[in-house]
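Analysis of the macromolecular model
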Amino acid sequence: MQFRQKALSKQQSPEELDVPVRFARPQGGLVLAVTAAVMAVACFWAVTGSVTSKVNMPGLLTHAEGSYILQSPVAGQVNAVFAKEGDLLPKGAPLLSIRNAQKVETVRTVAAGRVTALVAAMGGVVATGADLATVERVDGPDEPLVAVLYAPGSSGSTITVGSAVDLTVQSAPAQQFGVLRGRVLSVGRVPQTRRQISAFLGDSQLGEQFSAQGQPVPVVVQLDRSTSTTSGYTWSSAQGPPYAIDSTTLVSGAIHLTAQRPIDWLLP
């Protein structure tokens, strides 16, 4: 009887048409607006944004033309040395002479450059074809350095000319002096063998080191110049190291890769 009375009372009561209906709290509207804004920004970035990553690889500082190795044309004993490491020599300059039973042979430079390593010493006995010296191809003392990095063959196609590069220099601790700045100047499209690397760098050990994980692709990095640093190049710190950086110094390069369009849309 009690329930029937309540049902009858509800049927007899008029509809509350003048009472506003609340669908959500004000806080819910704010959350909805923020969510919509975030989704709009995400969609815009998915279409026009980019994803930046880095790839690290070893290398060294050198000059653009590389180096060459002078080898002994004859077997004999070194009886004179005319230059020392660090000397800048013109093409055809005498480097040393070798005496044997038949004659005295003078070994000369085949191209202008700086002597970076002098293997043969006064009085030493050498065999035919033995390495005597390494000469770096440069025309003058002010010729700028480049960094040559050796990237895995599989990543060569992802590196583009103009990409920013951070170089950690072995002789300049990054914690103290920061990193050396540069940009990719060229990318080799054909992997190089150990012999090719050794011939360009003038060092068989470096050729073996850089090809230990397979045949790499050479990446030439142009260093950013600066007139306000002692080294003459731009560093992530204000001044960089208070001394010059030398050719043949080992470096580790981090190349900034930019991949456009993080989402590939599938269209019918």
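Anything mentioned here points back to the structure above.
Residues numbered from 1 in each chain as written. Predicted model: local features only at pLDDT ≥ 70, side-chain atom pairs only at ≥ 80, totals over all residues. Heavy atoms only, no water.

Helix and strand counts for the protein come out as 5 helices and 14 strands. Taken across its 268 residues, the protein has 35% of its residues classed as buried. Sequence-distant contacts in the protein: of pairs separated by 6 or more residues, those separated by 24 or more amount to 71%. Accessible area for the protein stands at about 16700 Å²; split by element, carbon and sulfur atoms hold 56% of it. (Helix = DSSP H or I, 4+ residues; strand = E, 2+ residues; numbered from the N terminus. Buried < 20%, exposed > 50% of the residue type's maximum accessible area, 1.4 Å probe, protein only. Contact = heavy atoms within 4.5 Å. Areas by Shrake-Rupley, 256 points an atom, 1.4 Å probe, with all protein chains shown as cover.)

Another point: unusual backbone geometry. Positive phi outside glycine occurs at T248, with the angle close to 70 degrees. Secondary-structure assignment places T248 in the loop between strand 13 (217-223) and strand 14 (250-260). With relative accessibility at 44%, the residue T248 sits in the partly exposed group.

This paragraph deals with the sheet that holds strand 9 (residues 131-137). Ordered in space as 2-9-7-4, the 4 strands form an open sheet in which the pairing is antiparallel. Either end of the sheet is taken by a strand with one partner, and the two such strands are strand 2 (67-71) and strand 4 (88-89). (Pairing = 2+ DSSP bridges.)

Moving on, we come to the side chain of T249. Among the secondary structure elements, T249 is positioned in the loop between strand 13 and strand 14. Its relative accessible area of 12% is what places T249 among the buried residues. Ignoring sequence-local partners within four residues, the contact set of T249 consists of L60, L61, V169, Q170 and S171.

Attention now goes to the pairing of strand 6 (residues 104-108). Bridging between strand 5 (residues 94-99) and strand 6 involves 5 bridges; their strand directions are antiparallel. Opposite P94, over in strand 6, you have R108 as the bridge partner.

What follows is about the pairing of strand 13. One face of the sheet, then the other: side chains in a regular strand alternate in exactly this way. For strand 13, the buried fraction is high: 6 of the 7 residues fall into the buried class. Two strands pair when backbone bridges link them, and strand 10 (residues 146-151) and strand 13 are joined in this way by 6 bridges, in the antiparallel orientation. Following the sheet pairing, Y150 is matched in strand 13 by P218. Inspection of the sheet shows strand 12 (residues 180-187) paired to strand 13 by 5 bridges, in the antiparallel sense. The residue of strand 13 that forms the bridge with G182 is L223.

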